[in-house]
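This is what each chain is made of:
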Amino acid sequence: MPPLRERREDIVALTEYFVRRYCERTGVAGIGVARAALAELTAYAWPGNARELQQTLEAALGMTRGPELTAERIRTVLGRRPRRHVAPDVFPLRELERDYIATVLARCNWNQSLAARRLGIGRNTLMRKIKSFKLEKSEAA
(Lines give C-alpha, C1' and ligand atoms only; values in the text may rest on other atoms or scores of the structure.)
Protein backbone atom coordinates (compact mmCIF):
# COMPACT_ATOMS: atom_id res chain seq x y z
CA MET A 1 0.00 0.00 0.00
CA PRO A 2 1.43 3.43 -0.90
CA PRO A 3 2.29 5.87 1.90
CA LEU A 4 -0.37 8.30 3.10
CA ARG A 5 1.42 11.26 1.52
CA GLU A 6 0.70 9.63 -1.85
CA ARG A 7 -2.95 8.99 -0.96
CA ARG A 8 -4.02 12.48 0.13
CA GLU A 9 -7.60 11.71 -0.85
CA ASP A 10 -7.73 9.24 2.07
CA ILE A 11 -6.76 11.82 4.69
CA VAL A 12 -10.27 13.27 5.04
CA ALA A 13 -11.92 9.85 5.44
CA LEU A 14 -9.25 8.69 7.90
CA THR A 15 -9.59 11.92 9.87
CA GLU A 16 -13.36 11.48 10.17
CA TYR A 17 -12.86 7.87 11.28
CA PHE A 18 -10.18 8.69 13.89
CA VAL A 19 -12.18 11.64 15.28
CA ARG A 20 -15.35 9.54 15.57
CA ARG A 21 -13.41 6.72 17.25
CA TYR A 22 -11.75 9.16 19.67
CA CYS A 23 -15.12 10.65 20.64
CA GLU A 24 -16.63 7.20 21.23
CA ARG A 25 -13.65 6.01 23.27
CA THR A 26 -13.41 9.10 25.48
CA GLY A 27 -17.13 9.77 25.85
CA VAL A 28 -16.75 13.26 24.41
CA ALA A 29 -19.67 14.63 22.38
CA GLY A 30 -19.05 14.65 18.63
CA ILE A 31 -16.29 17.07 17.67
CA GLY A 32 -16.30 18.52 14.17
CA VAL A 33 -13.24 19.25 12.06
CA ALA A 34 -12.81 22.73 10.57
CA ARG A 35 -12.08 22.98 6.86
CA ALA A 36 -8.83 24.79 7.64
CA ALA A 37 -7.82 21.88 9.90
CA LEU A 38 -8.47 19.43 7.06
CA ALA A 39 -6.36 21.65 4.79
CA GLU A 40 -3.48 21.51 7.33
CA LEU A 41 -3.77 17.73 7.57
CA THR A 42 -3.89 17.30 3.80
CA ALA A 43 -0.88 19.56 3.25
CA TYR A 44 1.36 17.71 5.72
CA ALA A 45 3.82 15.08 4.37
CA TRP A 46 2.94 12.32 6.94
CA PRO A 47 6.29 10.56 7.21
CA GLY A 48 4.77 8.35 9.92
CA ASN A 49 1.81 7.41 7.71
CA ALA A 50 -1.70 6.74 9.10
CA ARG A 51 -0.48 6.00 12.62
CA GLU A 52 1.10 9.46 12.83
CA LEU A 53 -2.17 10.97 11.57
CA GLN A 54 -4.05 9.14 14.31
CA GLN A 55 -1.61 10.25 17.02
CA THR A 56 -1.69 13.84 15.79
CA LEU A 57 -5.48 13.89 15.83
CA GLU A 58 -5.67 12.36 19.31
CA ALA A 59 -3.21 14.94 20.66
CA ALA A 60 -5.09 17.81 19.03
CA LEU A 61 -8.47 16.47 20.17
CA GLY A 62 -7.15 16.12 23.70
CA MET A 63 -6.42 19.85 23.71
CA THR A 64 -9.69 20.84 22.06
CA ARG A 65 -12.19 22.54 24.36
CA GLY A 66 -14.82 23.57 21.82
CA PRO A 67 -17.07 21.72 19.41
CA GLU A 68 -14.56 21.90 16.54
CA LEU A 69 -10.98 20.85 15.90
CA THR A 70 -9.17 23.91 14.52
CA ALA A 71 -6.21 24.36 12.21
CA GLU A 72 -4.40 26.08 15.07
CA ARG A 73 -4.61 22.91 17.19
CA ILE A 74 -3.26 20.84 14.30
CA ARG A 75 -0.37 23.26 13.78
CA THR A 76 0.36 23.21 17.52
CA VAL A 77 0.65 19.44 17.58
CA LEU A 78 2.64 19.20 14.36
CA GLY A 79 4.97 21.93 15.62
CA ARG A 80 5.73 20.04 18.85
CA ARG A 81 7.98 17.52 17.21
CA PRO A 82 11.55 17.61 18.57
CA ARG A 83 14.07 19.18 16.21
CA ARG A 84 17.37 18.27 17.88
CA HIS A 85 18.89 14.91 18.81
CA VAL A 86 15.96 13.03 17.27
CA ALA A 87 14.97 12.38 13.68
CA PRO A 88 12.34 14.93 12.56
CA ASP A 89 9.75 12.24 11.83
CA VAL A 90 9.82 10.86 15.41
CA PHE A 91 6.71 11.77 17.38
CA PRO A 92 7.23 12.78 21.04
CA LEU A 93 5.08 9.95 22.39
CA ARG A 94 5.93 10.48 26.08
CA GLU A 95 4.96 14.15 25.88
CA LEU A 96 1.79 13.29 24.02
CA GLU A 97 0.87 10.63 26.58
CA ARG A 98 1.46 13.04 29.48
CA ASP A 99 -0.68 15.78 27.90
CA TYR A 100 -3.41 13.32 26.98
CA ILE A 101 -3.59 11.83 30.49
CA ALA A 102 -3.65 15.32 32.03
CA THR A 103 -6.51 16.31 29.72
CA VAL A 104 -8.56 13.20 30.49
CA LEU A 105 -7.98 13.67 34.22
CA ALA A 106 -9.15 17.28 33.97
CA ARG A 107 -12.26 16.28 32.04
CA CYS A 108 -13.02 13.69 34.72
CA ASN A 109 -12.42 16.21 37.55
CA TRP A 110 -9.48 14.06 38.63
CA ASN A 111 -11.72 11.05 39.26
CA GLN A 112 -8.96 8.50 38.65
CA SER A 113 -11.27 5.50 38.32
CA LEU A 114 -13.34 7.23 35.63
CA ALA A 115 -10.23 8.56 33.87
CA ALA A 116 -8.65 5.08 33.87
CA ARG A 117 -11.80 3.60 32.29
CA ARG A 118 -11.86 6.31 29.61
CA LEU A 119 -8.17 5.74 28.90
CA GLY A 120 -8.68 1.99 28.74
CA ILE A 121 -6.08 1.26 31.42
CA GLY A 122 -6.19 0.05 35.01
CA ARG A 123 -6.38 2.51 37.89
CA ASN A 124 -3.01 1.36 39.26
CA THR A 125 -1.44 1.94 35.85
CA LEU A 126 -2.92 5.43 35.78
CA MET A 127 -1.59 6.15 39.27
CA ARG A 128 1.91 5.04 38.18
CA LYS A 129 1.71 7.29 35.13
CA ILE A 130 0.54 10.25 37.24
CA LYS A 131 3.55 9.74 39.48
CA SER A 132 5.93 9.15 36.57
CA PHE A 133 4.77 12.30 34.73
CA LYS A 134 4.61 14.26 38.03
CA LEU A 135 1.07 15.36 37.24
CA GLU A 136 -0.71 17.50 39.78
CA LYS A 137 -4.33 18.48 40.10
CA SER A 138 -3.40 22.17 39.95
CA GLU A 139 -2.02 21.89 36.39
CA ALA A 140 -5.17 20.33 34.97
CA ALA A 141 -6.47 22.34 32.04
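Our subject is the structure that appears above.
Being a predicted model, the structure only gives us computed values, none of them experimental.

Caption draft 1: Just the layout of surface pockets, in detail. Volume-wise, the largest pocket comes out at about 310 Å³. Around the largest pocket, the lining residues are Arg-25, Gln-55, Glu-58, Ala-59, Leu-93, Leu-96, Glu-97, Tyr-100, Ile-101, Leu-119, Ile-121 and Lys-129. Of all the secondary structure elements, the ones that give two or more residues to the lining of the largest pocket are helix H3 (49–63) and helix H5 (93–107). Sort the elements by how many residues they give to the lining of the largest pocket and H5 lands first, with five residues. Partitioned by chemical class, the residues of the lining of the largest pocket number seven nonpolar, one polar and four charged.

Caption draft 2: A look at the pattern of salt bridges. Applying the stated rule across the entire model yields four salt bridges. With a closest N to O distance of 3.3 Å, Arg-25 and Glu-58 form a salt bridge. Linking Arg-25 in helix H1 (residues 9–26) with Glu-58 in helix H3, this pair joins segments that are 33 residues apart in sequence. Lys-129 is the partner of Glu-97 in a salt bridge, and the nearest nitrogen-oxygen pair spans 2.5 Å. Remark: Lys-129 occurs in helix H7 (residues 123–133) and Glu-97 occurs in helix H5; sequence separation between them is 32 residues. The partly exposed category is assigned to Glu-97, whose relative accessible area is 28%.

Caption draft 3: The nonpolar core, seen in detail. Counting residues in hydrophobic clusters, the biggest one holds 38 residues, and the most contacted among them are Leu-41, Trp-46, Leu-57, Ile-74, Leu-105, Leu-126 and Leu-135. When near neighbours in sequence (up to four residues on either side) are disregarded, Leu-41 contacts Ile-11, Thr-15, Trp-46, Leu-53, Leu-57 and Ile-74.

Caption draft 4: Local environment of the packing of aromatic side chains. Per the stated rule, a full pass over the model turns up three aromatic pairs. Consider the rings of Tyr-22 and Tyr-100, whose centres lie 6.1 Å apart with planes at 55°: the pair is tilted. Note that Tyr-22 is positioned in helix H1 and Tyr-100 in helix H5, a separation of 78 residues in sequence. Exposure class is identical for Tyr-22 and Tyr-100. Each is buried.

Caption draft 5: Main features of the packing of helix H6 (residues 112–119) against H7. Between H6 and H7, the shortest axis-to-axis distance is 9 Å and the interhelical angle comes to 100°. Between H6 and H7, the angle is such that the two are roughly perpendicular. Two secondary-structure elements touch here, H6 through Gln-112, Ser-113, Ala-115, Ala-116 and Leu-119 and H7 through Arg-123, Leu-126, Met-127 and Ile-130. Partitioned by chemical class, the residues of the contact of H6 with H7 number six nonpolar, two polar and one charged.

The rules behind each value
Residues numbered from 1 in each chain as written. Predicted model: local features only at pLDDT ≥ 70, side-chain atom pairs only at ≥ 80, totals over all residues. Heavy atoms only, no water. 1 Å grid on protein atoms, 1.4 Å probe; cavity = no way out; pocket = protein on both sides within 12 Å on 5 of 7 lines; lining within 4 Å. Points joined across faces, edges and corners; volume = space filled by probe spheres on them. Helix = DSSP H or I, 4+ residues; strand = E, 2+ residues; numbered from the N terminus. Nonpolar A, V, L, I, M, F, W, Y, C, P; charged D, E, K, R; others polar. Salt bridge = Lys/Arg side-chain N within 4 Å of Asp/Glu carboxyl O. Buried < 20%, exposed > 50% of the residue type's maximum accessible area, 1.4 Å probe, protein only. Core = buried A, V, L, I, M, F, W, Y, C linked by side-chain atoms within 4.5 Å. Contact = heavy atoms within 4.5 Å. Phe/Tyr/Trp six-rings, centres within 6.5 Å; stacked < 30°, edge-to-face > 60°. Axes fitted to C-alpha atoms, helices over the stretch in contact; angles between N-to-C directions. Parallel < 35°, antiparallel > 145°, perpendicular 65-115°, else oblique.

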